[in-house]
Amino acid sequence: MLSSTDALHLSAAIGSVAVIIGSLERLATPRLLADGALASWPVSATSFPLLTTKSFQRSVGQLLVYPRVLGLVAACLASGILLVLRPSSALNVVAAAVIAVTYILLGIRSRFGGDGADQMTVIVFAALALAFGVGQARADEIVLWFLTAQACLAYFTAGVAKLAGPLWRSGAALPEVLATQSYGHPWAGRVLARHRGVAVAMCWSVIALECAFPLVLLGIPALTYALLIGGALLHLGTAFVMRLTTFFWAFVATYPAIIFCATARGR
């Protein structure tokens, strides 16, 4: 049976894979963070009055200027590697905090390019830093329940939002998304466009899975693991077809917490 400590360390290791992938992507294309790029800090700093104040620019703002921001990303990468290789290290609280703060700062630095995986990464590592910092079993359990509740909320709200959308109910959503340049996959988009019944079935399968996800907490092992496997397969599919690789690792990082909480009644 998964202990609270093991669940936290496993969540840290899994979530760190998303951090490593995201950091390597940023370091591989540093020009996207340059002053003349879309994610330019001089431009982003004008989006909110607080970011233009002298006190902010002299303190936090110094970490966000190019090319200094690449050092911040490198520190985040090193923290992710540490948590993968040694999730039980005495430095895990520092590593988790560095990751959470880095993602928050990168979100402040640019309003473009962020997604649900980045938001989940902040939530996971901020919570992990708190648990690692307190270092008590009760705190571990509270954090695990928080991550479980967050995951259930994320899936359920996504499912309800899709259910409210006529494109998802009609089965048109997936073919249209796959026809886009950003998240498209020409072959898959053409297949679903030609086979409307398959598209409808896939859309409703996603809706059903996401809306039913909170049922993982009923304490029925077969149902819990079926929903977790379904969620993992969903993220694997989007990673392959839509190139949303970090979604898989960021959301699956909550699964150890879910397993711990789902089996709490047995303990």
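Let me sum up the structure you'll find in this document. Remember, predicted model here, so these are calculated numbers, not experimental data. Each residue is numbered by its place in its chain's sequence as written, counting from 1. Per-residue local features are limited, in this predicted model, to residues with pLDDT of at least 70; the limit for side-chain atom pairs, both in listing and counting, is 80 or more; totals at the level of whole chains, interfaces and linings are taken over all residues. With hydrogens and water set aside, each side-chain value is computed from the structure's full complement of heavy atoms.

**So, helix α11 (residues 186-194)**
Which entries qualify depends on this criterion: Relative accessibility under 20% of the residue-type maximum defines a buried residue, over 50% an exposed one, and the middle range a partly exposed one, all with a 1.4 Å probe and only protein chains included. Helical segments are the DSSP runs of H or I of at least four residues, strand segments are the runs of E of at least two, and each set is numbered from the N terminus. The directions considered for the arc run from the helix axis to the C-beta atoms. Should any heavy atoms of two residues lie within 4.5 Å, those residues are considered in contact.
Among the residues of α11, Ala-188, Gly-189 and Leu-192 are the ones counted as buried. Buried residues along α11 cover an arc of 100 degrees about the axis, so they all sit on one side. Facing away from the buried side of α11 by over 90 degrees, the exposed positions are Pro-186, Trp-187, Ala-193 and Arg-194. In this fold, the buried residues of α11 make contact with α10 (173-177), α12 (196-212) and α13 (221-241).

**Remarks on the packing of aromatic side chains**
Cut-off, in case you're wondering: In this scheme Phe, Tyr and Trp rings, the latter by its six-membered ring, pair at centre separations within 6.5 Å, and the angle between planes marks the pair as stacked below 30 degrees, edge-to-face above 60, and tilted otherwise. Note on geometry: a ring has a charge over it if NZ (lysine) or CZ (arginine) is within 6 Å of the ring centre and within 35 degrees of the ring normal.
Overall, the coordinates contain 5 aromatic pairs when judged by the stated rule. Judged by centre distance (5.0 Å) and plane angle (90 degrees), the rings of Phe-248 and Trp-249 are edge-to-face. By relative accessible area, Trp-249 is classed as partly exposed at 28%. Each member of the aromatic cluster is reached from another via a ring pair, and the members are Tyr-155, Phe-213, Phe-247, Phe-251 and Tyr-255. The side chain of Arg-26 reaches across the aromatic face of Tyr-103, ending 5.5 Å from its centre. Residue placement shows Lys-162 over the ring face of Trp-168; its charged tip is 5.2 Å from the ring centre.

**Topic: the packing of α13 against helix α15 (residues 255-262)**
Note the threshold: Whenever a helix is involved, its axis is fitted only over the stretch in contact; in every case the axis is a line through C-alpha atoms, and angles between N-to-C directions fall within 0 to 180 degrees. Orientation categories follow fixed angle ranges, with anything under 35 degrees roughly parallel, anything over 145 roughly antiparallel, 65 to 115 roughly perpendicular, and all other angles oblique. Each residue is assigned to one of three groups, with Ala, Val, Leu, Ile, Met, Phe, Trp, Tyr, Cys and Pro labelled nonpolar, Asp, Glu, Lys and Arg labelled charged, and all others, Gly among them, labelled polar.
Across the interface, α13 lies against α15 with an axial gap of 11 Å and an inter-helix angle of 170 degrees. On the basis of their axis angle, the class for α13 and α15 is roughly antiparallel. Mapping the contact onto sequence places Thr-224, Tyr-225, Leu-228, Gly-231, Ala-232 and His-235 in α13 and Tyr-255, Ile-258, Ile-259 and Ala-262 in α15. For the contact of α13 with α15, a count of residues per class yields 7 nonpolar, 3 polar and no charged.

**Quick notes on the layout of surface pockets**
A water-sized probe, rolled over the atoms, reveals where empty space remains. Put simply, the rule reads: Here a cavity denotes a set of grid points, spaced 1 Å apart and computed over the protein atoms alone, in which a 1.4 Å probe fits but from which it cannot get out, and a pocket denotes an open set meeting protein on both sides within 12 Å along at least five of seven lines; residues with an atom within 4 Å of a point are reported as lining. Grid points are joined across faces, edges and corners, and a volume is the space filled by probe spheres set on the points.
Estimates place the volume of the second largest pocket at around 780 Å³. The wall of the second largest pocket is formed by 30 residues, among which Lys-162, Glu-210, Leu-234, Thr-238 and Met-242 lie closest to the centre. At the level of secondary structure, the elements contributing two or more residues to the lining of the second largest pocket comprise α7 (116-134), α8 (137-164), α10, α11, α12, α13 and α14 (245-252).

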